[in-house]
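One letter stands for each residue in the lines below.
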Amino acid sequence: MTIRHHRAVGALAAASALALTLTACGSGSDGGDAAETVSPEDVSAALEEGGDLLVWAWEPTLDQVVKDFEAEYPNVNVELANVGTGNDHYVALQNAISAGSGVPDVSQMEYYALPQFSIGESLADLAPFGASELDSTYSPGPWGAVTSGEAVYGLPMDSGPMALFYNAKTFEEAGVEVPATWDEFADAAKKINESDPNAYITADNGDAGFATSMIWQAGGHPFAVDGTDVTVDLGDEGSARFAEMWQGLLDDDLVANVPAWSDEWFQGLGSGEIAALVTGAWMPANLESGAAPASGDWRVAPMPQWTEGENATAENGGSALSITEASDKKALAYGFLEYANAGDGVATRLEGGNFPATLADLNDEAFLAEESEYFGGQKINEVLSASATGVVPGWQYLPYQVYANSVFPDTAGQAYTGSTSLADGLGAWQESIVKYGNEQGFTVGE
Amino acid sequence: MTNVLMTAPTVRPRKSPPRLRNRRTSHARPTRSILLTVLTALIGLYALIPLVWLLINATKTQPDLFSSFGLWFSGDFALWDNIVGVLTYDGGVFGRWFLNTLLYVVVGAGGATLLALLGGYGLAKFNFPGKRAVFAVVIGAVAVPGTALAVPTFLMFANLGLTNTPWSVIIPSLISPFGLYLMWTFAADAVPDEIMEAARIDGASEARTFFQVCLPMMAPGIVTVLLFTVVATWNNYFLPLIMLRDPDWYPLTLGLNAWNAQATTAGGEAIFNLVIAGSLLTILPLIVAFLLLQRYWQSGLAAGSVKE
């Protein structure tokens, strides 16, 4: 999961992505060219026969998975290349696809970026390989993100059901209870800032991933996609709910205007001056290595609710492994995907600190009982796992979300500096999304 | 003929007298503007603070980086540990990136300098039809930002099947319109036509005139162009970013960025201490190159300022 934006580059990638999308749409290949079913025997035959696989991914735990995989299938040689994280990766992939050379067989795909490549028919449909039968293997959030109708465009690697990560020490010093609702969250924000003017309940400088996740949890469905017909409504009930609540915090300067992943951000997390984060379940490993000074102070609580007593959450981040349409070793590649994301590789990645997308692991007694030293011995997986079951269904990302996110700071992001309201900012974002989509040949309605 | 060859070294403006003279004149003129001094000091500070920051923070451990004041030492002095960490992390891939960068610089920047030298000399000293058109193209090329050429260059190299090979970084680096222009104007000024004619009359071939007569006179210009191209190639980020996919061929810039980005991924280990120490190691060769080459560069800038 990455939230870092290389905006200019991202826009470039998105532009070329869309150019490609439309050539693909125009060629009239409407999915009817799906290959005939590939049996598990074909996959194991391919694994026995072996060959070279090129995998583009930045996920650190894959290193060990690849080693184990090669040990199990000695004829297969997997080359794992980190071509960049997040946007850099998509630019590289888009460039390779446009150029028609150097395309990897397997690519890591964040859930928000996946539709952009699947609608451009750059990713192979894995249903003919039997991937559809894995629907009960994964939790609904990530599974929904990799499927589109009957098609399956990847196997979920990790997931990011959201929770409230908070610094218990700062909360205690400010005399604040852990907020269970967003109203309580706003009260807590006020108290924390009053008790220490340098302390903020959280940091946000206008992050598209966070905003969309919040709208998701609030029950919004701002993006509806049906083929090349797209509807954008960033003024729907959920979006308005989020905008109104967050606007209150921005108006009173209760949110630190610090970009995520910056030095200042890590420093704030380590010192307790950024007292909480509402983010994906993958966060613990990052806190441990990036905010080591606060070890023992952090805790995890359920995501604050709009209505008290509910368990409505959203996903933030997480990624899948997909097979590119250009790969000529799809059966072999599927063998790797199955190993890494449904088979033995899952345990290896969990050991490396990944948060699972697989139901069996989410409900595994040992996994739930794990105590985290960083979190003061708390059994954090109980909270995070519970969040995975509460993900509000039916969310869709735009087929050009990478581009949309790259222009978020120029539109909605302006609200974070106080030059416009968040509601108006979301309106400006919508305008720019609609305009861009129509220019790219989608039929975008509001 | 030998006579002519003997004159060449005396023209070479590489001895230090001009500098001494400069120092003397500045002593002779004691008028100092306080405003200018303060301004220069501020700008100097502005330029140096990032370096100081880098130096100080390369000595800190990962936790100390975020818990201590950025512009002073604190906690454990971990410079040595960090350097060892940089050199050994991820199977010592930093060394590989260093060698890659060196390869790109030696072949790319060295080749660019050579081509600029040959081209600049030819354009300055020989007349041929279309010279003005070449001039226009070169000036135009200086004006086009490299970023604008990125996508076409990438597609061209992809069609040639050269992406993801060292060639895709080296070949574009070989072309330096600015270097060519600099060599051109430098050769026009620094190499008097009369000396070339004298050499020719004495029976020297064109090659000999170039290598033995003109080349030494152009040394300051060559060093200047070399310095520019070395810095540009050493720091080049965008070209390798779009061309290279195999971390084994990354230059230092891409490698360090990959390490930095690692912290922003799920489950990624934050290694900012190694990124900072690695950055320090990365700029050291450039500093050395500047210190070694700057005196040639200075005399190069002074060339033509003295009426002969």
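Keep in mind that what you see is a predicted model, and the values were worked out from it rather than measured.

**Remarks on the pattern of salt bridges**
All names here are of chain A. Counted by the stated rule, this structure contains five salt bridges over all chains. Put simply, E325 and K330 hold a salt bridge, and the shortest N to O gap is 3.7 Å. Residue K435 is joined to E439 by a salt bridge in which the shortest nitrogen-to-oxygen separation is 3.4 Å. Here K435 and its partner E439 are both found in helix α19 (residues 422-439), four residues apart, which amounts to about one turn of the helix. Of the residues examined, K435 reaches a relative accessible area of 54% and is grouped as exposed. Judged by relative accessible area, which is 52%, E439 ranks as exposed.

**As for the side chain of D64(B)**
Residues and elements named next belong to chain B. Position of D64 relative to the elements: it lies in helix α4 (residues 62-67). One buried charged side chain, D64, makes no salt bridge at all; its nearest oppositely charged neighbour is K60, positioned 7.9 Å away. Dropping the residues within four chain positions of it, D64 is found in contact with S74, G75 and D76.

**A word on the packing of helix α3 (residues 62-72) of chain A against helix α13 (residues 330-341) of chain A**
All names here are of chain A. Following both chains from N to C, one finds α3 and α13 inclined at 120 degrees, their axes separated by 11 Å at the closest point. Put simply, α3 runs oblique to α13. Between α3 and α13 lies a crossing whose hand is right-handed. Of the residues in α13, those in contact with V65, V66, D68, F69 and E72 of α3 are G335, F336, Y339 and A340. Tallied by class, residues from the contact of α3 with α13 come to six nonpolar, one polar and two charged.

**Considering the domain arrangement of chain A**
All names here are of chain A. When its domains are assigned, chain A resolves into domain 1 (40-159 + 317-363) and domain 2 (162-314 + 372-444). Between the C-alpha centres of domain 1 and domain 2 the distance comes to 28 Å. Of the roughly 1400 Å² buried where domain 1 meets domain 2, counting both sides, 66% is carbon and sulfur surface. Three residues, Y112, Q116 and F355, lead the burial of domain 1 against domain 2; their summed loss comes to 42% of the area buried on that side. The interface formed by domain 1 and domain 2 contains zero salt bridges. Scanning the region where domain 1 abuts domain 2 turns up two residue pairs in polar contact (both at pLDDT 80 or more).

Thresholds, definitions, all that
Residue positions within a chain follow its written sequence, with the count starting from 1. For naming, the first written chain is A and the first written ligand is 1, with later ones following in the order written. Restriction of local features to residues with pLDDT of at least 70 applies here, the model being predicted, together with a cutoff of 80 or more for giving and counting side-chain atom pairs; totals for whole chains, interfaces and linings are based on all residues. Note that the side-chain values use all heavy atoms of the structure and ignore hydrogens as well as water. In what follows, salt bridge is the name for a side-chain nitrogen of Lys or Arg lying within 4 Å of a carboxyl oxygen of Asp or Glu. Comment: elements are numbered from the N terminus, with helices defined as DSSP H or I runs of at least four residues and strands as E runs of at least two. For every residue, the accessible area obtained with a 1.4 Å probe (protein chains only) is divided by the maximum for its type, and the residue is called buried under 20%, exposed over 50%, and partly exposed between those limits. Neither His nor the chain termini are counted; the positive set is Lys and Arg, and the negative set is Asp and Glu. The contact criterion used throughout is that any non-hydrogen atoms of two residues lie within 4.5 Å. As a rule, the C-alpha atoms of each element are fitted with a line to give its axis, helices using only the stretch in contact, and angles between N-to-C directions run from 0 to 180 degrees. Angular relationships are summarised with four words: roughly parallel below 35 degrees, roughly antiparallel beyond 145, roughly perpendicular across 65 to 115, and oblique for the angles in between. Crossings are assigned a handedness: left-handed for a near helix turned anticlockwise from the far helix by less than a right angle, right-handed for a clockwise turn. Three residue categories are used. Nonpolar comprises Ala, Val, Leu, Ile, Met, Phe, Trp, Tyr, Cys and Pro, charged comprises Asp, Glu, Lys and Arg, and polar comprises the others, including Gly. Bear in mind that the domain bounds are from an automatic or database domain assignment. Defined here as a combined quantity, buried area equals the accessible surface (1.4 Å probe) lost by two parts on assembly, summed across both. Think of a polar contact as two N or O atoms within 3.5 Å of one another; within protein, one of them needs to be a possible hydrogen donor and the other a possible acceptor, and neighboring residues in sequence only count if both atoms come from side chains.

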